[in-house]
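Single-letter residue listing:
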Amino acid sequence: MPYTKRRRLVTSAVAVALGATALAACGSESGDSETESGPVSLTYWTWTPGMDKVVDLWNKGPGKKDQITVTVKKQASGDTLITKILTAHKAGKAPDLVQAEYQALPTLVSNDALADISKNVGDAKDSFADGVWQQTTLGTDAVYAVPQDIGPMMFYYREDLFKEYGLTVPTTWDEFAETARELKKAAPDKDLTTFSANDSGLFAGLAQQAGAKWWTTSGDQWKVAIDDAATQKVAKFWGGLVKEGAIDNQPMYTPSWNKALNTGKQIAWVSAVWAPGTLTTAAPATKGKWAMAPLPQWSASDNSTGSWGGSSTAVTTDSKHQEAAAKFASWLNTDRDALNALAKESGIYPAAKDAQTSGAFLKPPAYFSNQADFYSKAADIAETTAPSAWGPNVNVAYTTFKDAFGAAAKNKSDFGAALEEMQDDTVADMKKQGFEVAE
């Protein structure tokens, strides 16, 4: 594939929403690969713990029948894996299958590293909530991965302390702010929660819930709107609470934050479905004292949530067996036995709707044994996941968030200025890479 100096968009039905190298000319679809016959060996790069045990089910069952064997190669996660995949792809040696976080898919697709597998996995769509499936199509007719796990966001609170201080679980963000202020009046030494600038995924999920579309396309150009009205609303809301001292401003995942949760100095946490695992370690003394509720809404009539985390299984354009790889990716993330094994061996919360209230999810997490309907409620919340709009340089936006919002949270200064910096840095990087960016 020739190098194109100006990264651009193409207008084919498959890749209309994507920028970078000319995907229409050199992108690959699984339908173009030859029909598989005879033994096929596939390699899968993943960071998920216990995946080898899950894959064994395939190799001994459906895979053996279809003469398709999958070998797991354990990898690091995050940007480290994306860099490794792109490096391997440039040499034409990427593995057949890769695990990729949703926000990384545009980067991989814009570098022509992922195949369109819509012809082989299109019937899997009904297994997933629309907002989840959309993250693997990037708003096109193509399918670049099969959803594996998701992180729908929700509100966690100390049930006992809410009762002690006469607090009502907030259903709107305005009520959330008032709850924070009420707690401060009743117990000045306590905080409802903290605004943490060390996890950009949390802020992105909150913006997603508010309706943000950070990266979109217009004709042959990308449009970056990280500072759109929805995100400005979110930044102003949290910045205002920090400035007035209604909530804490310390980062999460520190010994200090763990202690605040464990001792009841902080009595709530805006998080995702995976929170019970974190609380088990961070606040062991409070087991059985927490409850989960839907994320507060921007208006009482709304019913949506954002995503914080989650990944998918994708097939690379380097694979010589894309059809077989797509078959495995679909099985891994829709088959009941595979999903039960993923929950047991890997501890994931499945993207597939049917799996969210069966098998390992028939009982609540041990930490939430007091809330019998934990997973049925979580499944209802997951169904309301808002669509996302990721772009090809999420890593740059996230890095600037940590720097700019980190300083703003620490100094209790203007979150709006931090958001503007995030926007400017992201646009500048895209132009530097050669993407066409609308002004």
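Residues numbered from 1 in each chain as written. Predicted model: local features only at pLDDT ≥ 70, side-chain atom pairs only at ≥ 80, totals over all residues. Heavy atoms only, no water.

- As recorded in an unreviewed UniProt entry, the chain goes by the name Extracellular solute-binding protein, listed as coming from Streptomyces coeruleofuscus.

**Notes on empty space enclosed by the protein**
Part 1 of the reasoning: For the structure on display, the rule yields two cavities of 30 Å³ or more.
Part 2 of the reasoning: Its volume calculated, the largest cavity comes out at about 80 Å³.
Part 3 of the reasoning: Forming the walls of the largest cavity are A204, Q208, A212, K213, W214, P387, S388, A389 and W390.
Part 4 of the reasoning: Split into classes, the residues belonging to the lining of the largest cavity amount to six nonpolar, two polar and one charged.
Part 5 of the reasoning: The wall of the second largest cavity is formed by T193, T194, F195, L202, L206, W238, W269 and V270. (1 Å grid on protein atoms, 1.4 Å probe; cavity = no way out; pocket = protein on both sides within 12 Å on 5 of 7 lines; lining within 4 Å. Points joined across faces, edges and corners; volume = space filled by probe spheres on them. Nonpolar A, V, L, I, M, F, W, Y, C, P; charged D, E, K, R; others polar.)

**Topic: the pattern of salt bridges**
A side chain with one charge may pair with a side chain of the opposite charge, provided their charged atoms come close.
Part 1 of the reasoning: A full pass over the atoms with the stated rule returns seven salt bridges.
Part 2 of the reasoning: Between E244 and R181 there is a salt bridge, and its shortest N-O distance comes to 2.9 Å. Of the two residues, E244 is situated in helix α11 (residues 229-244) and R181 in helix α9 (residues 173-186); the sequence distance between them amounts to 63 residues.
Part 3 of the reasoning: The class for R181 is partly exposed, based on a relative accessible area of 28%.
Part 4 of the reasoning: Its salt-bridge partner being K265, residue D191 comes within 3.3 Å of it at the nearest N-O pair. Of this pair, D191 sits in the loop between α9 and α10 (200-209) while K265 is found in the loop between α12 (255-263) and β9 (268-272), placing the two residues 74 residues apart along the sequence.
Part 5 of the reasoning: Owing to a relative accessible area of 36%, K265 belongs among the partly exposed residues under this scheme.
Part 6 of the reasoning: Connected via shared salt-bridge partners are E178, R181 and E244. (Salt bridge = Lys/Arg side-chain N within 4 Å of Asp/Glu carboxyl O. Helix = DSSP H or I, 4+ residues; strand = E, 2+ residues; numbered from the N terminus. Buried < 20%, exposed > 50% of the residue type's maximum accessible area, 1.4 Å probe, protein only.)

**Re helix α17 (residues 394-411)**
Residues separated by three or four positions in an α-helix point in the same direction, a consequence of the helix having 3.6 residues per turn.
Part 1 of the reasoning: The first and last C-alpha atoms of α17 sit 25 Å apart over 18 residues, in line with the 26 Å expected at 1.5 Å per residue.
Part 2 of the reasoning: Within the span of α17, buried status applies to V394, V396, A397, Y398, T400, F401, A404, F405, A408 and A409.
Part 3 of the reasoning: In this structure, the buried residues of α17 make contact with α10, β7 (215-218), α11 and α18 (415-433).
Part 4 of the reasoning: The first or second residue beyond α17 is K412, which carries a positive phi of 55 degrees. (Expected span 1.5 Å × (residues − 1). Contact = heavy atoms within 4.5 Å.)

**Details of unusual backbone geometry**
Most peptide bonds take the trans configuration, and most residues that are not glycine carry a negative phi.
Part 1 of the reasoning: If you check the backbone angles, D112 has positive phi at about 60 degrees while not being a glycine.
Part 2 of the reasoning: Within the secondary structure layout, D112 lies in the loop between α5 (105-110) and α6 (118-121).
Part 3 of the reasoning: With relative accessibility at 5%, the residue D112 sits in the buried group.

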